[in-house]
Amino acid sequence: MGFARTCSVALLGVEGVVVEVQADLEPGVAAFTLVGLPDKSLSESRDRVRAAIVNSGAEWPQKKLTVGLSPASVPKGGSGFDLAVAAAVLGAAERIDPRAIADLVLIGELGLDGRVRPVRGILPAVLAAADAGYRQVVVPEQTAGEAALVPGVSVLGVRSLRQLIAVLTDEPVPEEEPTEEGRPDAMLAGLLVPGAGIGTGLAPDPTGSAGGPDLADVAGQHRARRALEVAAAGSHHLLLSGPPGAGKTMLAERLPGILPPLTRQESLEVTAVHSVAGILPPGEPLVRRAPYCAPHHSATMQSLVGGGNGLPRPGAVSLAHRGILFLDEAPEFSGKALDALRQPLESGHVVIARAAGVVRLPARFLLALAANPCPCGRHTLHGAGCECPAALVRRYQARLSGPLLDRVDLRVDVEPVTRADLLGQGGRGETSAVVAARVREARARAAARLADTPWGVNSEIPGHELRTRYLAAPGALAAAERDIERGLLTARGVDRVLRVAWTVADLAGHDRPDSQDIALALELRTGVTRGVPVPVGAGEHA
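Nothing here was measured: the structure is a model prediction, and the numbers come from that model. (Residues numbered from 1 in each chain as written. Predicted model: local features only at pLDDT ≥ 70, side-chain atom pairs only at ≥ 80, totals over all residues. Heavy atoms only, no water.)

**Examining the side chain of D517**
Right, on to step 1. Its location among the elements puts D517 in helix α22 (residues 515–526).
Right, on to step 2. No salt bridge is formed by the buried D517; the nearest opposite charge belongs to R512, separated by 9.5 Å.
Right, on to step 3. Other than its neighbours up to four places away in sequence, D517 contacts A501, V504, A505, H510 and R512. (Helix = DSSP H or I, 4+ residues; strand = E, 2+ residues; numbered from the N terminus. Buried < 20%, exposed > 50% of the residue type's maximum accessible area, 1.4 Å probe, protein only. Lys, Arg positive; Asp, Glu negative; His and termini not counted. Salt bridge = Lys/Arg side-chain N within 4 Å of Asp/Glu carboxyl O. Contact = heavy atoms within 4.5 Å.)

Shown next, in the form of structure tokens:
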């Protein structure tokens, strides 16, 4: 009787579980049984593994073969177990030493010719293996760079099963013919989900180079530009409301260009989500810039928060993790889909329960909403001929529910562009690079202040801490207290005003918010103009 075991990883959302792959050979009628709660694609690995082993020059054992995936209670899917199953079978057949693979984690799909094909989710799988104490992993050669992002793990990238057998048996490693230059590499097809990258709108180059969107292209809109800067500096949610053609979408598309680069930890989080979703660009193992996701207004609740058959897959809120989720024409989204955003806006993650299991997906994003004032969009324009009845306007605006809007820190009315601004008579505005530099400085001030806390930006600070630990200047909250008494602010609203005020103070270089910072935060929160002067950093518009 021959027995061997090795390891692979099963992904549940963006988290991995190390699975022990066991192979047992017994005398009897030749058969191949795979047990351990596999799905359809994993059950088909029996034929792939048999053909790959034979075409790699090894002998297929003519005995009763049982392959078990443990723990058997964890659902397992995908073709990433092929390499581990093949290694376990070869170990049980004593083609390779079973001890050589006992502490290996193997991830990869096998072609019928023995080539190792890349699969999605390599980074979260290797992270799970490292957390479980494994220090050696074998992955497809095309994804070795992604696996190498995990510190403390030795990564071996192989192109074929023949190469793996040679490495484990100390034989000369055969050379595999590389793909001819200029020809499409069919091996990369396993990394991308067809259509998954279309419409996700990954952010253009945030440096503004290579023709990327730049804030200097926006004519006028000084108040909205100021709100964008505050939103980027403190990661505050933003609502842009105004008539069609005022520049709401233009402004939102330039928001990624002023966000600071992702930290190492944030890059790993974003890369893990994108790898599982199948939108990680080949050749770019690490996502270094904030993602930008802009789903169409016909998107369902499942496409926003995550879902799908079997175990849920990441939705738009997870694809926008550590970046921006832009909902253009927000009132046109279904109320069910919009209200599903409430919990991730507060918690920074989304928990999806399905019959196949419960999955927790990261979802800490900056929400940007764009909305027209009425169905025709001309309600706020004088003499524009809006014919929408008052009841219809109220119903249209009520599609953005009160609880959702209460979680939005900044609300800005985007006015139509004037002739002087459009023709450039008022001068060109600041570029994205200039604004991004101020945002980085403000983020640095906030990071220094929050160095010994679990929070990284002002929008994450709990309300209790704002009222007890991070206090505003004496008497600065007088205007906010009056708004509370008038019913213009809720308890959550006060906390959000304080968070915005701290961001305004960071942009202005103040040690703590004063009355002017609170007044500007209230103006951005309520949309009521309070005659606040333009803060430092927008001097060309003063």
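**Examining the environment of A508**
Right, on to step 1. Summarising the element assignment, A508 is placed in helix α21 (residues 491–508).
Right, on to step 2. In the structure, A508 is positioned 70 residues away from R438 in sequence and 9.3 Å away in space, judged by C-alpha atoms.

**Regarding the side chain of D406**
Right, on to step 1. Along the chain, the position of D406 falls in the loop between α16 (402–405) and β16 (410–413).
Right, on to step 2. Accessibility expressed as a relative area gives 13% for D406, which makes it buried.
Right, on to step 3. Not counting chain neighbours up to four residues away, the residues in contact with D406 comprise R411, T490, R492, G493, R496 and R525.

**Section: the packing of aromatic side chains**
Right, on to step 1. Counted under the stated rule, the structure contains three aromatic pairs.
Right, on to step 2. Ring centres of Y470 and W502 lie 6.2 Å apart, and the angle between their planes is 85°; on these two criteria the pair is classed as edge-to-face. Residue Y470 is found in the loop between α19 (463–468) and α20 (478–485), and its partner W502 is found in helix α21; the two are separated by 32 residues along the sequence. (Phe/Tyr/Trp six-rings, centres within 6.5 Å; stacked < 30°, edge-to-face > 60°.)

**As for the packing of α21 against α22**
Right, on to step 1. Where α21 contacts α22, the axes come no closer than 8 Å and their chain directions differ by 125°. As summarised for this structure, α21 and α22 are arranged oblique, according to the angle between their axes. The interaxial crossing formed by α21 with α22 has right-handed handedness. For the pair α21 and α22, the contacting residues are G493, R496, V497, L498, V500, A501, V504 and A505 in the first and D517, I518, L520, A521, L522, L524 and R525 in the second.
Right, on to step 2. By residue class, the composition of the contact of α21 with α22 is eleven nonpolar, one polar and three charged. (Axes fitted to C-alpha atoms, helices over the stretch in contact; angles between N-to-C directions. Parallel < 35°, antiparallel > 145°, perpendicular 65-115°, else oblique. Left-handed = near helix turned anticlockwise from the far one by under 90°. Nonpolar A, V, L, I, M, F, W, Y, C, P; charged D, E, K, R; others polar.)

**Section: the environment of Q302**
Right, on to step 1. With respect to the secondary-structure elements, Q302 resides in helix α11 (residues 301–305).
Right, on to step 2. For the pair Q302 and G315, spaced 13 residues apart in sequence, the C-alpha to C-alpha distance is 6.9 Å.

**Observations regarding the pattern of salt bridges**
Right, on to step 1. Per the stated rule, a full pass over the model turns up 27 salt bridges.
Right, on to step 2. Among the ionic pairs, R364 bridges to E460, the shortest N-O distance being 4.0 Å. Of this pair, R364 sits in the loop between β14 (357–362) and β15 (366–371) while E460 sits in the loop between α18 (432–449) and α19; the two residues are 96 residues apart in sequence, bridging distant segments of the chain.
Right, on to step 3. E430 is the partner of R438 in a salt bridge, and the nearest nitrogen-oxygen pair spans 2.7 Å. Each member of the pair, R438 together with E430, is buried.

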